[in-house]
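Report on the structure
Residues per chain, in single letters:
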Amino acid sequence: MILYVRFAPEALPLALTEDLTPVVQAFPPDAVLLDVHGAQRYFGRSATELAALLRVRALAHHGLGCTIGIGPNPLLATMAAREARPGTTLVADGARTFLAGKPVGALPGVGPKAARTLCSYGLDSIGRVAGAPLATLQRIVGARAGRELQERARGIDRTRVVPNAAARSAAGERTFPRDELDRDRQRRALLSLSGELGIRMRGEGQVCRSLTLTVRYADRSTTTRSRTLREPTAHSAALTEAAYAIHDALGLQRARVRGIGLRAEGLTPVAHSAHQLTFDPADDKARRIEAVADRARARFGPGAIVPGTLAA
């Protein structure tokens, strides 16, 4: 079985897993995947019992709560963790039963545009996608994508937990001191997060292909939306623009927001990406200023230069 463990924001105590299993893949800043097939046989305990042990360790040694999803593969474990209430464990037992009634947009890899297209054909739930003929899915989304979509909808995931794998995403989160209804304060949090992610990726020589926004509400429910960027980037202004667009599309209005998380996904080395040149001198100027600001932060600290909106 696979465990997807999400710790408290900005915490990733990998030492807790050292004597449990060597097959551990970190997803900074706060999540980790564990393959506990060997641990179950070695310790003679179920995946649920190992999850309970990990929860007790996190609380005893670090004072941290954690949300855990358990499944036969990384896909189901991750989806179970996303659906679980904070501080609890959810087991994705029986792939078809677990996935059947969920909206197709809840399936990893299905963005808003693909979800709308599938819904227009009546494939509005994962169960209906799983039961659709492969040829139909391939006509809608393409040959390779259709095959992968059907496999995921049936709970099939061929990926493995890869120890010491290079990070494929970067994330940050802001929790408000009280339930926040003010749209401008939520946008300030997004500005801070997108700037933070941009600085981190530029420092590591990486760019991202998409952004995922997660909004946590006062009743502990969440909304998650993803958007593919026009081109892979680590430019803070482009990340902020995309984050604002996702946030506006949610139409939160008077929703009581407890926290906002932003994840940059599909990280690749900047050397393997391409940037579309423009004739806009403002864009070139903004990128040159950004590079100068990065050098100043490296020398004088991360707070040396911040956007004026955040300095107020």
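We now turn to the structure provided with this report. (Residues numbered from 1 in each chain as written. Predicted model: local features only at pLDDT ≥ 70, side-chain atom pairs only at ≥ 80, totals over all residues. Heavy atoms only, no water.)

Digging into helix 10 (residues 236–250)
With 15 residues, helix 10 should reach 21 Å at 1.5 Å per residue; the first-to-last C-alpha distance of 21 Å fits that figure. All of the buried residues in helix 10 are Ser 236, Leu 239, Thr 240, Ala 242, Ala 243, Tyr 244, Ile 246, His 247 and Leu 250. Here the buried face of helix 10 lies against helix 9 (183–203), strand 7 (206–217), strand 8 (222–233), strand 9 (257–265) and helix 11 (281–300). Residue Gly 251 follows helix 10 closely and has a positive phi angle near 60°. (Helix = DSSP H or I, 4+ residues; strand = E, 2+ residues; numbered from the N terminus. Expected span 1.5 Å × (residues − 1). Buried < 20%, exposed > 50% of the residue type's maximum accessible area, 1.4 Å probe, protein only. Contact = heavy atoms within 4.5 Å.)

So, the sheet that holds strand 2 (residues 24–27)
Ordered in space as 2-3-1-4-5, the five strands form an open sheet in which the pairing is mixed. The open sheet terminates on both sides in strands that have one partner only, identified here as strand 2 and strand 5 (89–91). For this sheet, the mean inter-axis angle between neighbouring strands, taken without regard to orientation, is 15°. One ladder, built from six bridges, connects strand 1 (residues 2–7) with strand 4 (residues 66–71); its direction is antiparallel. By the bridge assignment for strand 4, Tyr 4 is matched with Gly 69. Packed on one face of the sheet, helix 2 (residues 47–62) meets strand 1, strand 3 (31–35), strand 4 and strand 5 and runs near 165° to strand 4. Here helix 3 (residues 74–83) sits on the sheet and contacts strand 1, strand 3, strand 4 and strand 5; the angle it forms with strand 4, its principal contact strand, is near 145°. (Pairing = 2+ DSSP bridges. Axes fitted to C-alpha atoms, helices over the stretch in contact; angles between N-to-C directions.)

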